[in-house]
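# Descriptive structure summary
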Amino acid sequence: MEFRPDLIIPELYQLLLIGALFIQGIADRPWMPRVGKWLSWCAGVGILISAGSLDLNGLIFVGSYRVDTLSQFFKFAVSFGFAVAVLNATRQPTLEKEKHCEYFMFMALSAWGLMILSSCVELISIYLALELASFSLFPLVPLRSGEKGAAEAAVKYVFFGAAATAIGLFGFSLILASQHTTYLIDFMQKPWAWSEAPMAVAGLTLFLCGMLFKLALFPFHFWAPDVYEGASNETVAYISTMPKLGAVVVLIRLSMLLKPGLEITTILALLAAVSITYGNLAALIQTDVKRLLGYSTIAHAGYVMVGLTAGTTEGVAAAAFYSFIYVIMNFACFWVICRIATDGRNLKLDDLNGLYKRAPGLALVLAVGAMALVGLPPTAGFMGKLFLLTAAWNHSYNWLVVIAAANIAISIYYYLNLVRHAYTKEAPESTPTAVPYPFFSLLWGGLLAALLILFGILPGLVFKALPPSL
Amino acid sequence: MEILAKLAFALYALVIITGAIMAVTAKSLVRALVGLIGVMIGVAGMYLLMAAPFVAFMQILIYVGGVSVLIFFAIMLTKASPDGDESSPNSLRSTLNALVAMLAPGIILSVVILRYPPESFPRPTDVGAFDLGEGMLGPYLLPFELISIILFVAMAGAVLVAWRKWGDK
Amino acid sequence: MPFDVLQFVYLVVAVVAIAAFVAVSALLLVYLERKVAGHIQRRPGPFEVGPHGILQTMADALKLIGKQPFKPDGADSILFWLAPVLAFAPALPLLLPIPFGPLLTGLEVNLGLILILAFSGINVLALCMAGWGSNNKWALLGAARSVAQSVGYEIPLLMSVLAVAFMTGTLNLSQIVADQGPWPWHWNMFTQPLAFFIYFTCAVAETNRAPFDLPEAESELTAGFHTEYSGMGFGLFFLAEYTNMIVVCSVATALFLGGWQAPLLPGFWWFLIKMYLLLLTIMWFRWTYPRLRFDQLLNLNWKWLLPLSLVNLLGTALLMKVF
């Protein structure tokens, strides 16, 4: 099997960006290009490149790296998310100027890890790519000047991350001990039922525990709201969306093994149900916007799982679609938050009061983003949830679908609460009348909102990129 | 030979468990580190028992001779006083919680492994440096390369985070 | 592999023989060191006990054994007593795989080189424990220095050894020796001069010998990490230092100087002669070069030895690939 560099052009391009950032980071010339500026453009080119490589197909690195429609779709989603995140973070108020290069370098490394992750079909590679994606985020969290909570958040993140890593690795050792292979393709031939291979099931469960930590699914969610509160708004925008993509793609790869009826699938379904319910209920009482979105992330991770437990092509496609949509809608909400919090503080719900007067454009973007997160038509969130639930109905656990649907009703309250604060409440006298924001920030935010509505009306645009043969 | 191997296993397991307990319960960080070193040496012994001497020696070379020495250095740079917040005795409740948290997975896993022993070789086959090299440059090429990137990330991240503290002073 | 009684007996004999060899060599080396120091400084050195002071080290050893071991107040008792033992304990496994003669190897292992490198790292740990456990600021400073030093110098040392392993394609020391020829231009030193130079420099640093003796640095830190040790506690550290010197010189002999291979009467003797020549060179260094400053020490390692060893390794790999 020969090595074909043309298959990994998006990854190579991303690596090029990382290299450029690294060189600029260690250079000490008096003149330097502004990182935010050139990187935004280059990341934009990255989207085009990964869009151009959507149709690639092949198997390299001795069969451990599969380039197929699924991986290319997720690479596209990652490079899209990366570009938005970079754009979002260029004017970060709480980031010291001399650390811009490193900040973006780690962000790029994390995105690179996710890109690699979406192609890995071998368990150690999966594990390491996931570690790369999450390790790179650890240094980003404490980079928030003038905030004591940031260090605390970083410590929590690192410790829980390390523990999750250890658990996942232990599970990995059990899988290896009982199945004697790490290639997913060989896993297909092996039994995965408790009665036949209990050790492998225990191992896979532990391995998934490590994975679900990155996904912040229910029992492994506890770090998420604290970390989100401590880290800067722009960092959270990245952390709360992008690693989900990676975890979802791994679960899709593993879903070849997870047929309904298997013990692991049942456990996952249970976790998904609890995760959705818990996330929504906890989000109801939050007043800090970032914490609120943090809990909602937990719920959304659960929704994606609903599609995956179905074990059908439609379910997987719906999950992939939904996670891509989730990236857009979460970024849309965070885009508004980052623009409003001009000094980088944590926003309370009351800070949104009267937004429709102060910044009508941003208020509209926020409204669209929140409606998409709820799943109201005509936004893409509605289509995403619709596909998920219909795909899962009668193929998976019907009780799970019912719970998910009931939770959508609960979530209406707190998402629309955002909109209510922005539109119906008046701002107190003391707040400045208008939020100063440049024209471009409105343009990009509007673009995100427009995408949400566009994909809501024409979901086929995305589905076309998704493989029929999943 | 069977009996000797079992004895060796028991010995190594004892070293590992003693070290682990010491690492968890020690009041002073340095003693905890000594416990950790004990664990690492015990694990190296286990590798020897599995006929993987190269891995065992690497474990000693890297973990005992390298990593733990660096941890030592880190402890020396901090004010690792034995009477910090953590040194207050644990409440009975948290001790019990910890015991349950430790025993539950332990018992489940050991029951699973004892009742359904995975297929294994009656006698371990020697895994030499050549086999390892073939593996790392063959089917496991990608992980092998990824690890170096992860190391780079870890180091650069540590520098980045530490740099900030420097600037604050 | 069935359990072989003969093999076991052989191993036990080897361990005992090596222990005896180490003890005798250490006595001899201490004497030599003082004599060399004396003559380099144009004075006779020890001269009173026995003819030409030959029994001086015996007397010193007896004194050390007779002294009371003493633990300072506030020292961590476990670490304090564990450290000297840990410093000396790895010495025996370190010498086991070394081929002193064509058939004279304590333990024939395929990974002999790795075994030696692995166990030699434990020494640093002992220094750290001693430094920390002594509850003494000189000792702590000495330990901190030794960490920075030995962690740094271990890397180029490994790289230079690796270059030789690349060429010979084996990690078995006996095999490496057997691959070299009798004449000096058959030795690895001839094909890998840079690796030899780097190895030897790093070996001197790893054994904390002057001019790299910062962890001890009598004039600044009293006695560095073993300031607080008396009696056999100090004795063990002393013994460990000389054993480590023997080990690094033996490895250098086997790797670079053709081991027991020689043009005339190859055998055990040649190994010892070469090893002792290297040991004398180390002593010669000590009384020739002044001690490095700490920043010089680190600069030398990270800016010179490490890149050089990398270049050497890459060059070796390239040449191996081409030819």
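The rules behind the values
- Residues numbered from 1 in each chain as written.
- Chains lettered and ligands numbered in written order.
- Predicted model: local features only at pLDDT ≥ 70, side-chain atom pairs only at ≥ 80, totals over all residues.
- Helix = DSSP H or I, 4+ residues; strand = E, 2+ residues; numbered from the N terminus.
- Buried ≥ 20, exposed ≤ 12 C-beta atoms within 10 Å, placed from the backbone.
- Rg over C-alpha atoms; globule rule 2.2 N^0.38 Å.
- Contact = placed C-beta atoms within 7 Å.
- Nonpolar A, V, L, I, M, F, W, Y, C, P; charged D, E, K, R; others polar.
- Axes fitted to C-alpha atoms, helices over the stretch in contact; angles between N-to-C directions.
- Parallel < 35°, antiparallel > 145°, perpendicular 65-115°, else oblique.
- Expected span 1.5 Å × (residues − 1).
- Core = buried A, V, L, I, M, F, W, Y, C linked by C-beta atoms within 7 Å.
- Bend = angle between axes of the 7 residues up to and from the residue.
- Left-handed = near helix turned anticlockwise from the far one by under 90°.
- pLDDT = per-residue confidence, 0-100.

### Here we look at the overall build of chain B
Within chain B one finds six helices and zero strands. Mapped in sequence order, the helices and strands of chain B form the string α-α-α-α-α-α. Across the 169 residues in chain B, those meeting the buried criterion constitute 21%.

### Re the overall build of chain C
Scanning chain C for helices and strands turns up 14 helices and zero strands. Along chain C, helices (α) and strands (β) appear in the sequence α-α-α-α-α-α-α-α-α-α-α-α-α-α when read from the amino end. Computed over the C-alpha atoms, the radius of gyration of chain C is 20 Å, within 12% of the 20 Å expected from 2.2 N^0.38 for a compact globule of 323 residues. With the C-alpha coordinates aligned to their principal axes, the bounding extent of chain C is approximately 60 × 50 × 45 Å. Taken across its 323 residues, chain C has 48% of its residues classed as buried. A separation of at least 24 residues holds for 79% of the contacts in chain C among residues at least 6 apart in sequence.

### Here we look at the interface of chain B and chain A
Each partner contributes residues to the interface: chain B has 21 residues there, and chain A has 24 residues. Among the secondary structure elements, those contributing two or more residues to the side of chain B that touches chain A are helix H4 (92–115) and helix H6 (141–168) of chain B. Top element by residues in the side of chain B that touches chain A is H6 of chain B. It accounts for 13 residues. Of the residues that constitute the side of chain B that touches chain A, the class distribution is 18 nonpolar, two polar and one charged.

### Here's the deal with unusual backbone geometry
Even without a glycine there, the phi angle at His 180 of chain A is positive, about 60°. Looking at where His 180 of chain A falls in the secondary structure, it is placed in the loop between helix H6 (148–179) and helix H7 (184–187).

### So, the environment of Leu 184 of chain A
Residue and element names in this part refer to chain A. Residue placement: Leu 184 occurs in helix H7. Considered as a pair, Leu 184 and Ile 412 are 228 residues apart in the sequence and their alpha carbons are 39 Å apart. When sequence neighbours within four positions are dropped, the list of residues in contact with Leu 184 reads Val 121, Glu 122, Leu 123, Arg 253 and Met 256.

### Regarding the interface of chain C and chain B
It is common to report an interface's size as the accessible area lost on association of the parts. Across the contact, 23 residues belong to chain C and 22 residues belong to chain B. Contributions of two or more residues to the side of chain C that touches chain B are made by helix H3 (77–88), helix H5 (112–120), helix H6 (122–133) and helix H7 (137–168) of chain C. When the residues that make up the side of chain C that touches chain B are grouped by side-chain class, the tally is 20 nonpolar, two polar and one charged.

### What about the packing of helix H3 (residues 69–89) of chain A against helix H11 (residues 242–254) of chain A?
All names here are of chain A. Across the interface, H3 lies against H11 with an axial gap of 10 Å and an inter-helix angle of 175°. Judged by the angle between their axes, H3 and H11 are roughly antiparallel. Here H3 contributes Leu 70, Phe 74, Ala 77, Val 78 and Gly 81 to the contact with H11, which in turn contributes Met 242, Leu 245, Val 249 and Ile 252. A breakdown of the residues in the contact of H3 with H11 according to their chemical character gives eight nonpolar, one polar and no charged.

### Focus on H7 of chain C
Over its 32 residues, H7 of chain C runs 46 Å from end to end, which matches the ideal 46 Å to within 8%, given 1.5 Å per residue. Directly beyond the C-terminal end of H7 of chain C, a positive phi value near 70° is found at Gly 169 of chain C.

### Topic: the environment of Arg 29 of chain A
On the secondary structure map, Arg 29 of chain A appears in the loop between helix H1 (9–26) and helix H2 (35–52). Between the alpha carbons of Arg 29 of chain A and Ala 392 of chain A there is a distance of 57 Å; along the sequence they are 363 residues apart.

### A closer look at the nonpolar core
One finds Ala 108, Ala 332, Leu 366 and Leu 452 of chain A to be the most contacted residues of the largest nonpolar core, which totals 191 residues. Looking at this core, the element that brings in the most residues is helix H14 (residues 313–340) of chain A, giving 22 residues. Setting aside its immediate chain neighbours within four residues, Ala 332 of chain A contacts Val 365, Val 368, Gly 369, Gly 445, Leu 448, Ala 449 and Leu 452 of chain A. Counting 117 residues, the second-largest nonpolar core is a separate cluster that includes Ile 116, Met 159, Met 189 and Tyr 229 of chain C.

### Concerning helix H18 (residues 398–423) of chain A
Residues and elements named next belong to chain A. In a regular helix each residue adds 1.5 Å, so 26 residues correspond to 38 Å; H18 covers 37 Å between its end C-alpha atoms and thus fits that length. Within H18, the axis deviates most sharply at Ser 411, by approximately 30°. Turning to H18, its buried residues number three or more, namely Leu 400, Val 401, Ala 404, Asn 407, Ile 408, Ser 411, Tyr 414, Tyr 415, Leu 418, Val 419, His 421 and Ala 422. Elements that come into contact with the buried residues of H18 comprise helix H12 (263–284), helix H13 (289–310), helix H15 (355–358), helix H16 (360–374) and helix H17 (380–392).

### Things to note about the packing of H3 of chain C against helix H12 (residues 231–256) of chain C
Residue and element names in this part refer to chain C. One way to put it is that H3 packs onto H12 with a least axis distance of 8 Å and a crossing angle of 25°. Comparing the axis directions of H3 and H12 gives the class roughly parallel. When the axes of H3 and H12 are compared, the crossing they make is left-handed. Between H3, through Pro 84, Val 85, Ala 87 and Phe 88, and H12, the contact on the second element is made entirely by Gly 233, Leu 236, Phe 237, Leu 239 and Ala 240. Across the contact of H3 with H12, the residue classes tally to eight nonpolar, one polar and no charged.

### So, the environment of Phe 225 of chain C
All names here are of chain C. Among the secondary structure elements, Phe 225 is positioned in the loop between helix H11 (218–221) and H12. In this structure, the C-alpha to C-alpha distance between Phe 225 and Met 129, residues 96 residues apart in sequence, is 8.8 Å. Setting aside chain neighbours within four positions, we find Phe 225 in contact with Leu 127, Ala 130, Gly 131, Ala 139, Gly 142, Ala 143, Ser 146 and Pro 215.

### Some points on the confidence of the model for chain C
Residue-level pLDDT values for chain C average 82, and 98% of them are 70 or greater. Model confidence for the complex is summarised by a pTM of 0.85, with the ipTM given as 0.84.

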